[in-house]
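# Structural features, examined
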Amino acid sequence: MPQYYKEKKMRKNQDTEKKGPKFTAIDYLDYPCELIYAKVHEPTAYPENNPNKHFEVSMVSDEENVEALKEIIDEVIALATEEAISQGYDVDESGRSEDLLKTFKGDLEGQQYFKAKKSANSGEIKFYDENGEAMHGFKELIGNGTKAVVSLVVSPYYMPAKGRVPAIVSVSLKISAIQIVDLVRYAGSGASFAKVDNFEGLKVRRHNKTTSKEQDAKSFVPAKDSKPSKAGSKGLGAKYNI
């Protein structure tokens, strides 16, 4: 093959690597939890001079909900890995749900949590109250232990190999909306909470998997005497036993 065509093919391959695979293995769910270190009004960045700012929450839940979310994460990663390989991308490693489940230190020693984020470039977080009504202009500081239902997008991503770093497929948890079920107002540093044992009927509610772009949050509709909806219903009209 002439050198010109070799270089053209190499540039095409490099461009493909930059764009990454086209994933359809995206999942949407509502995650009942207690919010810890919620940074939901003023975006943050690490380091502070990083222009890519985001909102974030750490989410603590009971064992049943944690295991349900782990199962969904691992399923999405497995499907996304297959999609990347089928599109001609090298995958050396696949992420695991265990990689996303972290453990607090200090005052919250031993509590496990998932972290979810939302890019500040995609707009502010939408909030809903316990009755499913939109909380327009909600700016209340959220304290540790606030009970909430976080609408999440389990979104796959691909990182190509670089040096000794292998090519990997994993997922990130993105915030779509937050329903405030029981607000604990921020009381300064040092606030803590009791160990989470159960959520009294609040369980992970999974929506249909979809290939469309992230949906705008719709009203949450909690109901006193109803059980969590089964997987397969559409939208965010979850009826929780709160």
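Residues numbered from 1 in each chain as written. Predicted model: local features only at pLDDT ≥ 70, side-chain atom pairs only at ≥ 80, totals over all residues. Heavy atoms only, no water.

## A closer look at the overall build of the protein chain
Tallying secondary structure elements over the protein chain gives 3 helices and 9 strands in all. Reading the protein chain from its N terminus to its C terminus gives the helix and strand order α-β-β-α-β-α-β-β-β-β-β-β. A separation threshold of at least 6 residues defines the contact pool for the protein chain, and within that pool the share at least 24 residues apart is 75%. (Helix = DSSP H or I, 4+ residues; strand = E, 2+ residues; numbered from the N terminus. Contact = heavy atoms within 4.5 Å.)

## Considerations on the confidence of the model for the protein chain
Predicted coordinates in regions of low pLDDT should not be interpreted in detail. Here the protein chain shows a mean pLDDT of 80. Residues at 70 or above account for 72%. Scored below 50 in pLDDT, residues 210-242 makes 93 contacts in the model with residues more than four places away or belonging to other chains. (pLDDT = per-residue confidence, 0-100.)

## Considering the nonpolar core
Soluble, globular proteins show a tendency: their nonpolar side chains are buried together. With 41 residues, the main nonpolar core has Y31, L35, M59, F114 and I178 as its most contacted residues. Contributions of two or more residues to this core are made by β1 (27-44), β2 (54-60), α2 (63-86), β5 (112-119), β7 (146-159) and β8 (168-182). Ranked by residues supplied to this core, first place goes to α2 with 8 residues. When residues no more than four places from it in sequence are discounted, the contact partners of Y31 are M59, S61, N65, V66, L69, F114, A148, V149, V150, L152 and V204. One finds V60, F104, L108 and Y113 within the second-largest nonpolar core, a separate group that totals 5 residues. (Core = buried A, V, L, I, M, F, W, Y, C linked by side-chain atoms within 4.5 Å. Buried < 20%, exposed > 50% of the residue type's maximum accessible area, 1.4 Å probe, protein only.)

## Some words on the environment of V66
On the secondary structure map, V66 appears in helix α2. Judged by relative accessible area, V66 falls into the buried class, the value being 10%. It is 9.7 Å that separates the C-alpha atoms of V66 and P32, two residues lying 34 residues apart in sequence. When sequence neighbours within four positions are dropped, the list of residues in contact with V66 reads Y31, S61, L101 and F114.

## Notes on the pattern of salt bridges
For the structure shown, the criterion picks out 7 salt bridges. Across the salt bridge formed by K70 and E98, the nearest N and O atoms sit 2.5 Å from each other. Here E98 lies in helix α3 (residues 97-100) and K70 lies in helix α2, a separation of 28 residues in the sequence. (Salt bridge = Lys/Arg side-chain N within 4 Å of Asp/Glu carboxyl O.)

## Quick notes on the pairing of β1
By the criterion of burial, β1 is predominantly enclosed, with 14 of the 18 residues buried. Pairing analysis gives 2 bridges linking β1 to strand β9 (residues 205-206), with the strands arranged antiparallel. Bridge pairing in β9 places L29 opposite R206. Note: β1 against β2, 5 bridges, orientation antiparallel. Looking across to β2, one finds that K39 is bridged to E56. (Pairing = 2+ DSSP bridges.)

## Some words on the side chain of N144
One can find N144 in the loop between β6 (126-128) and β7. Residue N144 is classed as buried on the basis of its relative accessible area of 12%. In terms of polar contacts, N144 uses its side chain to reach the backbone amide nitrogen of Y37, at 2.9 Å. (Polar contact = N/O pair within 3.5 Å; in protein donor to acceptor, adjacent residues only side chain to side chain.)

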